[in-house]
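What follows is the residue order along each chain.
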Amino acid sequence: MITLQSKIEEVSRIGDWHQKHLNRMGIHTVADLIWHFPARYEDFSNICPIAKIKLGEKQCIAGKVLSISNKRTWKKKMYITEALISDESGTILAIWFNQSYLTRTLKQGDNVFLAGKVSLGKEGIFLSSPVYEKISTQETKHTARLVPIYPETTGITSRWLRYILAPLLQHFQNTFTEPLPQNIVEEHNLLEINTAIQQIHFPSTQEQAEKARQRFSFENLFLVELSVVKARMQLSHQEAIPVPFNVELIQDFVKSLSFKLTDAQRKCSYQILKDLEHPRPMSRLLEGDVGSGKTMVAVIAALNTVKSGNQVAFMAPTEILAKQHFKEVSKLLWPFKVRIALLTGKQDQIIAQKLKNELIEISRTRLLKKIKEGEVDILIGTHALIQDKVKFGNLALAIIDEQHRFGVGQRAKLCQNKGKIPHLLSMTATPIPRTLALTVLGNLDLSIIDEMPKGRKKIITKVVPPKERTAAYSFIRKEVKKGNQVFVICPRIEASDAENEKIQGEENGSFLSDRSKMN
């Protein structure tokens, strides 16, 4: 007996070959297959008389097969199948390429639906590789209706998926349990689950298809919101280390700066510092354009945290960014005797700042011991921070830069701390969809720096078309000759999370910044 939990290989007509490719698409069970929804629909619901079909358009006709035959082109060694189709208004040729088996499927005298693009050849217009279906008393799946087009992969076509799904939907008709409360369904005028399942796959009208899509979109968001509420409730029962707002300390730090904070930086800093006072874990996203001063806000939160006797972890997605933060934070906190260390997958160093800024390399073993014993106030690094060997003595705040580049598991691992959970501050310069989603999925509150510091140059963004690439390279050469820098950003500049964890298991290295006495 087939159930929703049955493996797809238990479904009739799904063999090992199809199973392999379905698995690659993330489809393992019957439920996965049924919830593999169409990406779009082809509208073949209007049957057009042959005499009225239009060149260049996709049309659906109903007619009789007058003749069908194969021929082979010797130049390309290709089989061409030609069928002459007629209705009361006229005749048209249908042509398929390398589908010689069609002469065994379609016979002279068969009544068929054909749907495809109308093209022009030497002998006039014809239907190019049309979808076909014999006319019968059963409801059509591939023609003469809104036809679902699914996400596909090698060997898994939309036609094959329709062929498999139609009997499955019939088998499970009216057996799905409604996951939404009845009052919610009625209040928002949503399709009932069983109707929605049928209409999302084989809609009777475009309106019903849209209603089904809206229903499942609503359901997804509804369930996400429920999970967020549950997660927030669970988080509210967790304990964090409360960090008192040391007003005098922060005032002294702000006075030590060679520039004035913007009102947006002050506002965001206040929000974060007040959140840190609570005995419940903060979970906040700090968003702002490049150059808006997000790092300064993070440094304020870090300084307030370490001066209360706690530790801070500052995690960046690349070694370059980690070193950049290390250099900047060390410079800013030099007068406040903060012990800072840099830990990456390739290099471990300590800055021993006694009489002057001095970088001193240290063994990873010694650095890990200092971190565990609380002798490092701020640990800055890459994925190396989430290695099992890195143990904090009293981690109270985790700061993650460009957090959308880390997986959920990585963030959770960084925040693991027996007894109490660290406050979490994430930073991003770009509100990409995944980052915005984290405000929901990651239970993040949002702070926005919507003001640039005075005197900051305006950021200019330009799109260079391919034909102007040579001019762009010339511009780059001139800027480099002037002593300026150029950054080239590629779509993928690091290994995946799994690859990174493997690499970091094989690499060692660290740095440390100490204004007080460090051995």
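Before reading on, note that the structure itself is shown above.
The written sequence of each chain sets the order in which its residues are numbered from 1. Where totals are concerned, whole chains, interfaces and linings use all residues; where local detail is concerned, this predicted model gives features only for residues with pLDDT of at least 70, and gives and counts side-chain atom pairs only at 80 or more. In computing side-chain properties, one takes all heavy atoms of the structure into account and sets aside hydrogens as well as water.

A. Quick peek at the overall build of the chain. A helix here means a DSSP run of H or I that spans at least four residues, while a strand means a run of E at least two residues long, and both kinds are numbered starting from the N terminus. Summing up its helical and strand segments, the chain has 16 helices and 17 strands in all. For every residue, the accessible area (1.4 Å probe, protein chains only) is compared with the maximum for its type, and the residue is labelled buried under 20%, exposed over 50%, or partly exposed between those bounds. In the chain, buried positions account for 43% of the 519 residues. Contacts are residue-level and defined by heavy atoms, with any inter-residue pair within 4.5 Å sufficient. Within the chain, contacts between residues at least 6 apart in sequence are counted, and of these 70% link residues at least 24 apart. Areas reported here follow the Shrake-Rupley algorithm with a probe of radius 1.4 Å; residue values treat only the protein chains shown as occluding. A total accessible area of about 29,100 Å² is found for the chain, and carbon and sulfur atoms account for 52% of it.

B. Representation of the pairing of strand E3 (residues 78-87) in the model. Relative to E3, strand E2 (residues 58-73) is paired through 9 bridges, and the arrangement is antiparallel. Bridge pairing links Ser69 to Glu82 in E3. Any two strands with at least two DSSP bridges between them are considered paired. Between the antiparallel neighbours E2 and E3 lie 4 residues, among them Lys77 with a positive phi of about 50°. Summarising the sheet, E3 and strand E4 (residues 90-97) pair through 8 bridges and their orientation is antiparallel. Residue Ile80 lies in a different strand from E4, and its bridge partner there is Phe97.

C. Summary view of helix H9 (residues 263-276). In this scheme, a helix's expected span is set at 1.5 Å multiplied by one less than its residue total. The end-to-end C-alpha distance of H9 is 20 Å, a good match for the 20 Å that 14 residues give at a rise of 1.5 Å each. Those residues of H9 not exposed but buried are Ala264, Gln265, Cys268, Ser269, Ile272, Leu273, Asp275 and Leu276. In an axial view of H9, the angular spread of the buried residues amounts to 155°, which keeps them on one side of the axis. Contacts made by the buried residues of H9 are with helix H8 (247-256), strand E8 (283-288), helix H10 (294-306), strand E14 (395-401), strand E15 (423-428) and strand E16 (445-449). Each C-beta atom gives one direction from the helix axis, and the arc is the one those directions make.

D. A look at the sheet that holds strand E6 (residues 124-134). The sheet built from 5 strands closes into a barrel, its strands ordered E2-E3-E4-E6-E5 with mixed pairing. Shown here is a sheet whose adjacent strand axes are inclined to one another by a mean of 45°, direction ignored. Orientation is described by axes fitted as lines to C-alpha atoms, over the contacting stretch for helices, and by angles from 0 to 180 degrees between their N-to-C directions.

E. Broad picture of the side chain of Thr143. Mapped onto the secondary structure, Thr143 falls in the loop between E6 and strand E7 (146-149). Distance and chemistry together define a polar contact, namely a pair of N or O atoms within 3.5 Å, with one atom able to donate a hydrogen and the other to accept it when in protein, and with adjacent residues in sequence counting only for side-chain atoms on both sides. Here Glu133 takes part through its side chain, which lies 2.9 Å from a polar atom of the side chain of Thr143. Residues in contact with Thr143, not counting those within four places in the same chain, are Phe44, Cys60, Phe113, Ala115, Val131, Tyr132 and Glu133.

F. Focus on the packing of aromatic side chains. Each pair of aromatic rings taken from Phe, Tyr and Trp, with Trp reduced to its six-membered ring, is defined by centres within 6.5 Å and is described as stacked if the planes are under 30 degrees apart, edge-to-face if over 60, and tilted in the remaining cases. Under the definition given, this model contains 8 aromatic pairs. Aromatic pair Trp35 and Phe176: ring centres 5.6 Å apart, planes at 75°, arrangement edge-to-face. Residue Trp35 is found in the loop between helix H2 (30-34) and strand E1 (40-43), and its partner Phe176 is found in the loop between helix H4 (158-171) and helix H5 (182-187); the two are separated by 141 residues along the sequence. Where Phe245 meets Tyr270, the ring centres are 6.2 Å apart and the plane angle is 65°; that geometry is what we call edge-to-face. With Phe245 in the loop between helix H7 (206-236) and H8 and Tyr270 in helix H9, this pair connects stretches of sequence that are 25 residues apart. Aromatic rings pair up to connect Trp35, Phe37, Phe172, Phe176 and Phe216 into one cluster. In our convention, an over-ring charge means Lys NZ or Arg CZ found within 6 Å of a ring centre and within 35 degrees of that ring's normal. Here the guanidinium or amino end of Arg159 rests over the ring plane of Tyr132, the centre of that ring lying 4.5 Å away. It is Arg215 that lies over the ring of Phe216; its NZ or CZ is 5.4 Å from the centre.

G. Region of the structure containing unusual backbone geometry. Phi is positive for Asn98, close to 55°, though the residue is something other than glycine. By secondary structure assignment, the location of Asn98 is in the loop between E4 and helix H3 (102-105). Although it is not a glycine, Asn174 adopts a positive phi angle of roughly 60°. Following the sequence through the fold, Asn174 ends up in the loop between H4 and H5.

H. Quick peek at the environment of Asn46. Of note, Asn46 is situated in the loop between E1 and E2. Overall, Asn46 belongs to the exposed group, its relative accessible area being 61%. Here the alpha-carbon distance between Asn46 and Ala144, two residues 98 residues apart in the chain, equals 6.7 Å.

I. Representation of helix H15 (residues 469-481). The end-to-end C-alpha distance of H15, which contains 13 residues, comes to 19 Å, matching closely the 18 Å that a straight helix rising 1.5 Å per residue would cover. Downstream of H15 by one or two residues, Gly483 has phi in the positive range, about 100°.

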